[in-house]
Amino acid sequence: MTTTRAIDVGHGNTKFTTADGEFEFGCKVFPSIAPQPRNSLGMTGGVLSAGEFIEVEIDGASYVVGRDSETAESSSTMRLMDAEYSLSNIYMALVRGALYYMKTPKIDMLVLGLPLTTFESHREKLRERMVGGHTIPNPHLKANPGAPAKMSVQVANVRICHSQLEHSLITAYRDGCTTR
């Protein structure tokens, strides 16, 4: 069976698809905020029980992401709003947060969205950055305390779609994205 998932990292929220079985599909959301924590959560494998957020590492820096990331103790909760957003470490931290909530070690096709303003200039760089392995806190750790603290999610292929005003990437995922 092919595993396809979609993530839309917006300036306000990160939306993503989930599947709990062959015919059980859903969509979840968390704020597109990825503050850097003042103290590492490393002792808990990056997963906290007091709040719905996790810690992910990108290029040696830690970021807190998830539904309650706004309440996480941090040095900054700034939202990045520039043309390079989709190539930033904050964007990657939000993608890895969505991968954590998807709870799957392998994705055959990951669908991502880019605004029209950066679609042509960023899509290949974004695709290259997303294909391959992504280390995240193990989402199965709470249910299985003996599991490894980290998990690698392997992304085999990435399709980049342009997202227009009021156009939902999740709809593109459901209906089939025809954009290269």
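Bear in mind the structure is a predicted one, so any value in this text is a computation, not a measurement.

Caption draft 1: Here's a closer look at the side chain of Asp108. Inspection of the secondary structure assignment puts Asp108 in strand E6 (residues 106-115). There is a polar contact of 2.5 Å between the side chain of Asp108 and the side chain of Lys106. Ignoring anything within four residues of it in the chain, the contact list for Asp108 reads Met1, Thr2, Thr3, Ala156 and Asn157.

Caption draft 2: Representation of the packing of aromatic side chains within the structure. In the structure shown here, the tally under the stated rule is five aromatic pairs. For the ring pair Phe16 and Phe30, a centre distance of 5.9 Å and an interplane angle of 55° mean the geometry is tilted. One end of the pair, Phe16, is in strand E2 (residues 13-19); the other, Phe30, is in strand E3 (residues 25-31), and 14 residues separate them in sequence. Of the residues examined, Phe30 reaches a relative accessible area of 2% and is grouped as buried.

Caption draft 3: A look at unusual backbone geometry. A positive phi angle is found at Asp59, which is not glycine, with a value near 50°. Turning to its location among the elements, Asp59 is positioned in the loop between strand E4 (54-58) and strand E5 (61-65). Judged by its relative accessible area of 69%, Asp59 is exposed. The backbone phi angle of Lys103 is positive, close to 60°, even though this residue is not glycine. In this structure, Lys103 sits in the loop between helix H1 (89-102) and E6. Judged by relative accessible area, which is 46%, Lys103 ranks as partly exposed.

Caption draft 4: Structural view of the nonpolar core. Ranked by internal contacts, the top residues of the largest apolar core, which has 36 residues, are Ile7 and Leu112. Within the residue set of this core, elements represented by two or more residues are strand E1 (4-9), E4, E5, H1, E6, helix H2 (116-130) and strand E8 (150-163). Considering every element that reaches this core, the biggest residue donor is H1, with eleven residues.

Caption draft 5: Representation of the environment of Gly26 in the model. Within the secondary structure, Gly26 is located in strand E3. Once the C-alpha coordinates of Gly26 and Phe16 are considered, the two residues, ten residues apart in sequence, prove to be 8.4 Å apart. Contact partners of Gly26, with chain neighbours within four places excluded, come to Phe16, Thr17 and Thr18.

Caption draft 6: Broad picture of the pattern of salt bridges. Under the criterion given, the structure shown has five salt bridges. Residues Glu120 and Arg123 are paired through a salt bridge, measuring 3.7 Å at the closest nitrogen-oxygen approach. One end of the pair, Glu120, and the other, Arg123, are both in helix H2, three residues apart, so they sit about a helical turn from each other. For Arg123, a relative accessible area of 13% puts it in the buried group. Here Glu124 makes a salt bridge to Arg127, at a shortest N to O gap of 3.0 Å. With Glu124 and Arg127 both in helix H2 and three residues apart, this pair spans about one turn of that helix. Here Glu124 falls in the partly exposed class, since its relative accessible area comes to 31%. What makes Arg127 buried here is its relative accessible area of 17%.

Cut-offs and rules
- Residues numbered from 1 in each chain as written.
- Predicted model: local features only at pLDDT ≥ 70, side-chain atom pairs only at ≥ 80, totals over all residues.
- Heavy atoms only, no water.
- Helix = DSSP H or I, 4+ residues; strand = E, 2+ residues; numbered from the N terminus.
- Polar contact = N/O pair within 3.5 Å; in protein donor to acceptor, adjacent residues only side chain to side chain.
- Contact = heavy atoms within 4.5 Å.
- Phe/Tyr/Trp six-rings, centres within 6.5 Å; stacked < 30°, edge-to-face > 60°.
- Buried < 20%, exposed > 50% of the residue type's maximum accessible area, 1.4 Å probe, protein only.
- Core = buried A, V, L, I, M, F, W, Y, C linked by side-chain atoms within 4.5 Å.
- Salt bridge = Lys/Arg side-chain N within 4 Å of Asp/Glu carboxyl O.

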